[in-house]
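# Survey of secondary and tertiary structure
Residue strings, one per chain:
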Amino acid sequence: MLRHLHRTVNLFDTAKSALFLGILAACRGTGGDQERRGPVYYERDDPRSLDPALSTDVTTGEMIALLFDGLTQFDGDGRLLPALSDRWTADRTGRRYVFHLRAGVSFHDGRPVVAADVKRSFLRVLNPQTHGGRVWPLLPIAGAGDFADGHATDVRGIEVLGDTAVAFTLTEPLAVFPKFLAMPVASVVPPALPADFGQHPVGTGPWRFVAWQHDDYLRFAKNPSYWGGAPLSESLTVRIIPEALTRAAEFLAGRISVAEIPFGETAKWEQEHPDWLKRKPALRPIYVPLNNRRGPLRDPRVRQAINHAVNVPEILRTVWNGRGALAAGSIPPTLGGSDPSRRPYGYDTTEARRLLRAAGYSNGFSLQLWRSGTNVELGRVAQAIQAQLAAVGIQVEIVSRDASSMREAVRKGDTDMAITDWWADYPDADNFLYPLFHSASFGPGGNYAFYNDRVTDSLIMVARRTVDQSAREALYARIDTRVYDAAPWLYLWFAVDLWAEHPSIDGWDIPVIFNGQRWTKVRVAARR
């Protein structure tokens, strides 16, 4: 999932810091009020909708996860867990799955959940009259594509087995299919939905909808009969706070429960508030796709030279404040299939020049590096790359555009290089191989390097069909090594998330996947 990193700003100078700490001290006596209203989270922008069928972005997906359940779910560490389905089985071919529904689950309005609700919900997502949804998690089901295109009146691969089970037949084996069903778009909704369902949702999730003041806040109350156990807090408020400076002030005043620390403020927070900080490796590579179809970048030796010419450890330390792990592949180190023994490309300008000579570019050449103009830190990374490539004869012009214009150019293949990141849709190495390197994923699918290798394509498809987890992870590692050697990217690092947690909060952790934190175990204490 391409999601450009948000612009960061200096939160406060020394004088402002003292003022905010004074506000925090003055507010420590208001714990009782916090306990009544529960934890307060924030989003940078308003959700698109609270209808799962219209879930296409992170903000909307996070809100959907509070109100709805799918057949499966992710926890905060990205593990796949049962949800509305308490168990499932797959046949030997890996093409037919049967999901058994958990007994006694009801929607917020009291209606019981039955297997027909699952099929009805999926058909609603796939229906071409339901505009704007992200349907790809359901397209592996046999007949789903024809139905979505308006060429069929039903999806033949969904079979309702009484009230308590539903079976899915896939067009081909897909070992990660149960993870697809944990995506927000695969949430189960009740029948006979009102026209304003996206504004007044009814789900089965741990939180019930209370109010939505657009561009201001959303409010939820705990679902006391939630099948997974009622949330520990009575309520949850999500405020819409676009500006980093405002979020910092609100956090320090005790009016929001957690806050992400901008990169430029890392050292300051580590020095002044170390007890408040939590960090966790993210499923997010920061990288530069090198367009394998353009000019000198068609030659793998040139791409390898670029990797050797850039001092990635220095940039990570000086520009990114060390909040990352050096990348020696595309699979995050915390996922099965990554290879911890593989070493990153070393900073070696002599080797870079040798590779350029071997490729016939002794005198260098010129390239463009695109960046989003709204991200300060990525702009500094681009400048560092520019300076270091110049040292080996590669002249780089930095092209700064707004995020949408850059994204469109990258997807069309109109850029030589572009600095960007990739956010996981589902926590599996497949999400860092199939969309990023399979030839079927060129452009909008995620393969912004336009990397094309028949062997890689074949191995990816074999891995997707392999049910045995250890065998699949061995294939993932083999694929990642093959791609890494071809250097379709300038490999930078995997981000490490850094958040501050208010001293009054218990039970919260940074989720590695956007819909993995449901706030059910979080409580606000009067004092800590």
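Note: the structure precedes this text.
How each quantity is defined
Residues numbered from 1 in each chain as written. Predicted model: local features only at pLDDT ≥ 70, side-chain atom pairs only at ≥ 80, totals over all residues. Heavy atoms only, no water. Helix = DSSP H or I, 4+ residues; strand = E, 2+ residues; numbered from the N terminus. Rg over C-alpha atoms; globule rule 2.2 N^0.38 Å. Buried < 20%, exposed > 50% of the residue type's maximum accessible area, 1.4 Å probe, protein only. Contact = heavy atoms within 4.5 Å. Areas by Shrake-Rupley, 256 points an atom, 1.4 Å probe, with all protein chains shown as cover. Pairing = 2+ DSSP bridges. Axes fitted to C-alpha atoms, helices over the stretch in contact; angles between N-to-C directions. Salt bridge = Lys/Arg side-chain N within 4 Å of Asp/Glu carboxyl O. Phe/Tyr/Trp six-rings, centres within 6.5 Å; stacked < 30°, edge-to-face > 60°. Lys NZ or Arg CZ within 6 Å of the ring centre and 35° of its normal.

## Overview of the overall build of the chain
- Tallying secondary structure elements over the chain gives 16 helices and 20 strands in all.
- Whereas a compact globule of 528 residues would reach a radius of gyration of roughly 24 Å, the chain reaches 24 Å, a difference of no more than 12%.
- In terms of overall dimensions, the chain has C-alpha extents of about 75 × 65 × 40 Å along its principal axes.
- Every one of the 528 residues in the chain was classed for burial, and the buried ones make up 56%.
- Long-range pairs, those at least 24 residues apart, make up 72% of the contacts in the chain with a sequence separation of at least 6.
- For the chain, the accessible area works out to roughly 21100 Å², and carbon and sulfur atoms hold 48% of it.

## Some remarks on the sheet that holds strand β7 (residues 165-169)
- In spatial order, the strands read β4-β5-β7-β6; together these 4 strands make up an open sheet with antiparallel pairing. Since the sheet does not close on itself, it has two edges, and those belong to β4 (85-90) and β6 (158-161), each with one partner. Each strand axis lies, on average, 20° off the axis of its neighbour in the sheet, ignoring direction.
- Direction of pairing for β6 relative to β7: antiparallel, over a ladder of 4 bridges. Within β7, the residue paired with Val160 across the bridge is Val166.
- Docked against the sheet, helix α4 (residues 115-126) engages β5 (96-101), β6 and β7, running at close to 160° with respect to β6.

## Here's the deal with the pairing of strand β18 (residues 489-501)
- The element β18 is largely enclosed, with a buried count of 13 among its 13 residues.
- With 3 bridges joining them, strand β11 (residues 258-260) and β18 adopt antiparallel strand pairing. Note that in β18 the partner of Glu260 across the bridge is Trp499.
- One ladder, built from 10 bridges, connects strand β12 (residues 277-289) with β18; its direction is antiparallel.

## Some details on the pattern of salt bridges
- Per the counting criterion, the structure on display carries 31 salt bridges.
- Two residues, Glu250 and Arg255, come together in a salt bridge whose shortest N-O distance is 3.1 Å.
- Residue classification places Arg255 among the partly exposed positions, given a relative accessible area of 39%.
- The partner of Lys280 in a salt bridge is Asp509, with the nearest N and O atoms 3.0 Å apart. Of this pair, Lys280 sits in strand β12 while Asp509 is found in the loop between β19 (505-506) and β20 (523-524), placing the two residues 229 residues apart along the sequence.
- Judged by relative accessible area, Lys280 falls into the buried class, the value being 11%.
- Given the relative accessible area of 34%, Asp509 is considered partly exposed.
- Linked by salt bridges that have partners in common, Asp75, Asp77, Arg79, Lys280 and Asp509 make up one network.

## Topic: the packing of aromatic side chains
- The final tally for this structure, using the stated rule, is 29 aromatic pairs.
- Here the aromatic rings of Phe437 and Tyr451 are separated by 6.0 Å at their centres, their planes lie at 90°, and the arrangement is edge-to-face. In this pair, Phe437 sits in helix α14 (residues 434-437) while Tyr451 sits in the loop between α14 and α15 (454-465), placing the two residues 14 residues apart along the sequence.
- Accessibility expressed as a relative area gives 0% for Phe437, which makes it buried.
- Among the aromatic residues, ring-to-ring pairing joins Tyr287, Tyr345, Phe437, Tyr451, Tyr484, Trp489 and Tyr491 into one connected group.
- The lysine or arginine in question, Arg284, covers the ring of Trp423, its NZ or CZ lying 4.4 Å from the ring centre.
- Its guanidinium or amino end placed over the ring of Phe263, Arg323 lies 4.2 Å from that ring's centre, counting from NZ or CZ.

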